[in-house]
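# Working through the structure, step by step
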Amino acid sequence: MAASIAYSTLSMPAEGYMVERDLGVVFGTAIGANWNLTFSVQKAMQQAAQSIEQTRIAAMNNMGQQAAGRGANIVLGTAFDMERVNGTAIVTCWGTACVVKAKGAAATPVTAMPVAPQ
């Protein structure tokens, strides 16, 4: 994942933070390695899970790079979709790139924030 980007499935920032700027929807797509069913169900499931996880991370990296390029420090409302085409996992993720700051802070983006209230 992009180093300076936080991700949240929440549509609003954690308590104590506010959206300073909404930079629009960002997407990330990645195509995984081809995995085919084998005679071993357990092996097939392991291959599929590994491929999907690697592909999901690659898609998030792509989305994070797009968000960082717009100046965001978080992607809110992150969601995923996965399709399998001829044994290949295709993962797309999307969310809203935002600049979030602590409430009452100067208008400077924070570099790290909790993605959920603790």
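Values in this document were obtained by computation on a predicted structure and should not be read as measured data.

Moving on to the confidence of the model for the protein chain. Summarising the model, the protein chain shows a mean pLDDT of 82, and 82% of its residues fall at 70 or more. Predicted confidence for residues 109–118 stays below pLDDT 50, and this span has 28 contacts to residues more than four positions away or in other chains.

Time to look at helix α1 (residues 41–69). Between its terminal C-alpha atoms α1 stretches 42 Å, which fits the 42 Å expected from 29 residues at 1.5 Å a residue. Buried within α1 are the following residues: Ala44, Ala48, Ser51, Thr55, Ala59, Met60, Met63, Gly64 and Ala67. Where α1 ends, the next residue or the one after it, glycine 71, has phi of about 95°, a positive value.

For the structure on display, the rule yields two salt bridges. Between arginine 21 and glutamate 20 there is a salt bridge, with the nearest N and O atoms lying 3.7 Å from each other. Assessed through its relative accessible area of 40%, arginine 21 is described here as partly exposed. Across the salt bridge formed by arginine 56 and glutamate 53, the nearest N and O atoms sit 2.6 Å from each other. You can see arginine 56 and its partner glutamate 53 sitting in helix α1, three residues apart, about one turn around the helix.

Generally speaking, soluble globular proteins have nonpolar side chains that are buried together. Ranked by internal contacts, the top residues of the largest apolar core, which has 13 residues, are Ile5, Tyr7, Val26, Met63, Ala67 and Val75. Only β2 (17–34), α1 and β4 (88–102) provide two or more residues apiece to this core. No other element matches the four residues that α1 contributes to this core. Apart from the residues within four sequence positions on either side, valine 26 is in contact with Met63, Gln66, Ala67, Arg70, Val75, Cys93, Trp94, Gly95 and Ala97.

Basis of the calculations
Residues numbered from 1 in each chain as written. Predicted model: local features only at pLDDT ≥ 70, side-chain atom pairs only at ≥ 80, totals over all residues. Heavy atoms only, no water. pLDDT = per-residue confidence, 0-100. Contact = heavy atoms within 4.5 Å. Helix = DSSP H or I, 4+ residues; strand = E, 2+ residues; numbered from the N terminus. Expected span 1.5 Å × (residues − 1). Buried < 20%, exposed > 50% of the residue type's maximum accessible area, 1.4 Å probe, protein only. Salt bridge = Lys/Arg side-chain N within 4 Å of Asp/Glu carboxyl O. Core = buried A, V, L, I, M, F, W, Y, C linked by side-chain atoms within 4.5 Å.

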